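# Fold and geometry: a report
In case you want the letters, here they are:
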Amino acid sequence: MTRKLLIFITAMAAVLLPSPADAAKSSAAQVVNAISQTLAKSEAIKAEFTLRQQGQPPMAGTAFIQGRKFVLALPRMEAWFDGKTQWTYSKDAEEVNVTEPTADELAETNPLTIITNSAKGCKAHRLEAAAGSDRIELVPADKSNFRKAVVTSDASTNFLREIVVTMNDGSQAVITFASMKKAAKKPDSYFRFAKKSAPAARVVDLR
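Since the structure is predicted, the reported quantities are computational estimates derived from the model, not experimental observations.

Criteria and cut-off values
- Residues numbered from 1 in each chain as written.
- Predicted model: local features only at pLDDT ≥ 70, side-chain atom pairs only at ≥ 80, totals over all residues.
- Heavy atoms only, no water.
- Salt bridge = Lys/Arg side-chain N within 4 Å of Asp/Glu carboxyl O.
- Helix = DSSP H or I, 4+ residues; strand = E, 2+ residues; numbered from the N terminus.
- Core = buried A, V, L, I, M, F, W, Y, C linked by side-chain atoms within 4.5 Å.
- Buried < 20%, exposed > 50% of the residue type's maximum accessible area, 1.4 Å probe, protein only.
- Pairing = 2+ DSSP bridges.
- Contact = heavy atoms within 4.5 Å.
- pLDDT = per-residue confidence, 0-100.
- Polar contact = N/O pair within 3.5 Å; in protein donor to acceptor, adjacent residues only side chain to side chain.
- Phe/Tyr/Trp six-rings, centres within 6.5 Å; stacked < 30°, edge-to-face > 60°.
- Lys NZ or Arg CZ within 6 Å of the ring centre and 35° of its normal.

This part takes up the pattern of salt bridges. Taken as a whole, this structure holds eight salt bridges when the rule is applied. For lysine 69, the salt bridge goes to aspartate 188, with nearest N and O atoms at 2.5 Å. Taken as a pair, lysine 69 in strand S3 (residues 69-74) and aspartate 188 in the loop between strand S11 (172-182) and strand S12 (202-205) lie far apart in primary sequence, 119 residues in all. Between lysine 91 and glutamate 78 there is a salt bridge; the shortest N-O distance is 3.5 Å. Separated by 13 residues along the polypeptide, lysine 91 in the loop between strand S5 (86-90) and strand S6 (95-99) and glutamate 78 in strand S4 (residues 77-81) bring together distant segments of the chain. Salt bridges linked by common partners bring Glu100, Asp205 and Arg207 together as one network.

Structure representation (structure tokens):
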């Protein structure tokens, strides 16, 4: 699994689905629009999740999303994005890469770009779901780094249960949420790498 895909899937946890009553009356496109609107009204969201990919052990992690900003923590990697600059810390390499993602790169790493632009960037379809759940499939209208994403939510709480992303080569990544809740806003500094977070790491500026 690439670093970009990890961040993309994890940050996608910031999505909140509309109420079951509204969803039942809405088309898939309207539901996706409601997701974006609900997200825009949430000051911040914290999620705990488990990430699975074939051939790799499950990875538990946390994500904190606030607007376009996010912080991601996984066992072997951490990432910070302050809306402009991204810091990615590889614990194995003891290295922090600093980048300023382009619009296309941000679409791969920041789910808010995927969700808020989904009305024009993806085709949304409703799928059959188990009792108590809602499922929406997002398929990119144009060439993308992924083939489709299926989002499953809890119909009673409106929080996410699972996201399955299918890549162009057919491989899949599955993220299952243990918890997701609204959180208090953090200062801008929270979304920037601080040397004290990894004092021994080498910082490589790729901007």
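The biggest cluster of nonpolar side chains holds 27 residues, and the ones touching the most others in it are Phe49, Ile163 and Phe177. If you look at the next biggest cluster of nonpolar residues, it comprises 12 residues, including Val71, Trp80, Tyr89 and Phe191.

What follows concerns the pairing of S5. Regular strands have side chains that alternate between both faces of the sheet. Within S5, four of the five residues are buried, which leaves the element mostly enclosed by the surrounding structure. Here S4 runs beside S5; their pairing, made up of five bridges, is antiparallel. Bridge pairing in S5 places phenylalanine 81 opposite glutamine 86. The loop that links S4 with its antiparallel partner S5 comprises four residues; one of these, glycine 83, has a positive phi angle of about 100 degrees. Linking two consecutive strands that pair antiparallel, namely S5 and S6, is a turn of four residues; a positive phi of about 50 degrees is found at glutamate 94 within it.

On the secondary structure map, alanine 129 appears in the loop between strand S7 (122-127) and strand S8 (133-140). Relative accessible area serves as the criterion here: at 36%, alanine 129 is assigned to the partly exposed category. Once the C-alpha coordinates of alanine 129 and threonine 152 are considered, the two residues, 23 residues apart in sequence, prove to be 8.1 Å apart. Once residues within four sequence positions are removed from consideration, alanine 129 is found in contact with Asp134 and Arg135.

Of the residues in the protein chain, 70% have a pLDDT of 70 or more, and the chain-wide mean is 76. The secondary-structure element of the protein chain with the lowest mean pLDDT is helix H2 (residues 20-25), recorded at 41, while S12 shows the highest, at 96. Of the regions scoring below 50 in pLDDT, residues 1-7 engages in 26 contacts with residues more than four places distant in sequence or in other chains. Of the regions scoring below 50 in pLDDT, residues 13-25 engages in 38 contacts with residues more than four places distant in sequence or in other chains.

A word on the side chain of lysine 69. Among the polar contacts listed, one links the side chain of lysine 69 to the side chain of aspartate 188, at a separation of 2.5 Å. Once residues within four sequence positions are removed from consideration, lysine 69 is found in contact with Phe64, Phe81, Asp82, Gly83, Asp188 and Phe191.

Our focus in this paragraph is unusual backbone geometry. Even without being a glycine, glutamate 94 presents a positive backbone phi close to 50 degrees. Relative to the helices and strands, glutamate 94 is located in the loop between S5 and S6. Judged by its relative accessible area of 30%, glutamate 94 is partly exposed.

Next up on the list: the packing of aromatic side chains. Per the stated rule, a full pass over the model turns up five aromatic pairs. Ring centres of phenylalanine 64 and tyrosine 190 lie 5.4 Å apart, and the angle between their planes is 70 degrees; this geometry places the pair in the edge-to-face category. One end of the pair, phenylalanine 64, is in strand S2 (residues 56-66); the other, tyrosine 190, is in the loop between S11 and S12, with 126 residues separating them in the sequence. Take phenylalanine 64: its relative accessible area is 5%, and that puts it in the buried class. Of the aromatic side chains, those joined through ring pairs into one cluster are Phe64, Tyr190 and Phe191. We note lysine 186 situated over the ring of phenylalanine 64; from NZ or CZ to the ring centre the distance is 5.7 Å. In this structure, lysine 186 is placed above the aromatic ring of tyrosine 190, and the distance from its NZ or CZ to the ring centre is 5.1 Å.

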